[in-house]
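Tertiary structure, described
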Amino acid sequence: MQTVTRGGVTVEVSGRFPEEGESLPSFTLTDSQMNDVSLDTYAGKRKVLNIIPSVDTPTCALSTRKFNAYASELENTVVLVISADLPFAQTRFCGAEGLDSVTTLSCFRHPEFRERYGVALDSGSMAGLCARAVIVADANDEIVHAELVSEIKNEPDYDAATAALNRRAG
């Protein structure tokens, strides 16, 4: 079992976090229209998975805004913002913020995602949510960047994520 911290307090994280060079694990998640989508839905596109605890927290909101700004400049790339929030909350947040370059997906019906991606918060007040992580994959679903953020309150390394995309153009 891995750990991260939240305000310096250790939080247990279960599952196995994927590593660079591996293929993205398959997933099924729920989109904003309450439809289930899979990894295959985004076949042939580069992917940025911005995995967050909840859009209703300051750091998650900030990372969603920042990745929305990056997404509008990335070719053949989809930015997936994934959390356990209900799709209604994700849609409300993005609508209120004018964010239209990211795709929100929820694991509320598919908690296996958290284990499969090694982001399942298992202790503390946020148990049941996702740890903060960014995973970048090329168009063939090979992981080119993977960061499990060690302190939940911290932002991910945006520069490292975008640099990995630039190394794998198109």
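Residues numbered from 1 in each chain as written. Predicted model: local features only at pLDDT ≥ 70, side-chain atom pairs only at ≥ 80, totals over all residues. Heavy atoms only, no water.

1. Regarding the overall build of the protein chain
On a plain count of helices and strands, the protein chain comes out with four helices and ten strands. Helices and strands appear in the protein chain in the N-to-C order β-β-β-β-β-α-β-α-β-α-β-β-β-α. For 170 residues, the compact-globule estimate of 2.2 N^0.38 gives 15 Å, and the protein chain sits close to it at 14 Å. With respect to the three principal axes, the spread of C-alpha positions in the protein chain is 40 × 35 × 25 Å. For the protein chain, the residues scored as buried account for 52% of the 170 residues in total. As displayed, the protein chain offers around 7400 Å² of accessible surface, 46% of which is attributable to carbon and sulfur atoms. (Helix = DSSP H or I, 4+ residues; strand = E, 2+ residues; numbered from the N terminus. Rg over C-alpha atoms; globule rule 2.2 N^0.38 Å. Buried < 20%, exposed > 50% of the residue type's maximum accessible area, 1.4 Å probe, protein only. Areas by Shrake-Rupley, 256 points an atom, 1.4 Å probe, with all protein chains shown as cover.)

2. Here's the deal with the pattern of salt bridges
Evaluation of the coordinates by the stated rule reveals six salt bridges. For Arg16, the salt bridge identified is with Glu22, shortest N-O distance 2.3 Å. By relative accessible area, Arg16 is classed as partly exposed at 47%. (Salt bridge = Lys/Arg side-chain N within 4 Å of Asp/Glu carboxyl O.)

3. Here we look at the sheet that holds strand β8 (residues 120–121)
Taken in spatial order, the three strands of this open sheet run β1-β2-β8, and their pairing is antiparallel. With partners counted over all chains shown, the strands left at the sheet margins are β1 (2–6) and β8, one partner each. Where β1 meets strand β2 (residues 9–14), five bridges bridge the pair, whose relative direction is antiparallel. What sits directly across from Gln2, in β2, is Val13. (Pairing = 2+ DSSP bridges.)

4. A look at a nonpolar patch on the surface
Taken together, Leu86, Phe88 and Phe108 make up a surface patch of nonpolar side chains, about 300 Å² in accessible area. Judged by relative accessible area, Phe108 falls into the partly exposed class, the value being 31%. (Patch = residues over 30% accessible without salt bridge, like charges linked within 9 Å, V, L, I, M, F, W, Y side chains within 5 Å.)

5. Some remarks on the side chain of His145
Relative to the helices and strands, His145 resides in strand β10 (residues 143–148). Excluding anything up to four places from it in sequence, His145 contacts Glu20, Val134, Ile135, Val136, Asp157, Ala160, Ala161 and Ala164. (Contact = heavy atoms within 4.5 Å.)

6. Focus on the nonpolar core
With 31 residues, the main nonpolar core has Phe27, Ile51, Phe113, Tyr117 and Val119 as its most contacted residues. Those elements giving two or more residues to this core turn out to be β2, β5 (46–51), β6 (77–83), β9 (133–137) and β10. The residues contacting Val119, other than those within four sequence positions of it, are Val13, Ser14, Phe17, Ile51, Phe113, Arg114, Leu129, Cys130, Ala131, Ala133 and Leu148. Within the second largest apolar cluster, 21 residues are counted, among which are Ala71, Leu74, Val79 and Leu165. (Core = buried A, V, L, I, M, F, W, Y, C linked by side-chain atoms within 4.5 Å.)

7. So, the environment of Ala137
You can see Ala137 is positioned in strand β9. Taking relative accessible area as the criterion, Ala137 reaches 0% and is therefore assigned buried.

None of the figures reported here should be taken as evidence of function without further support.
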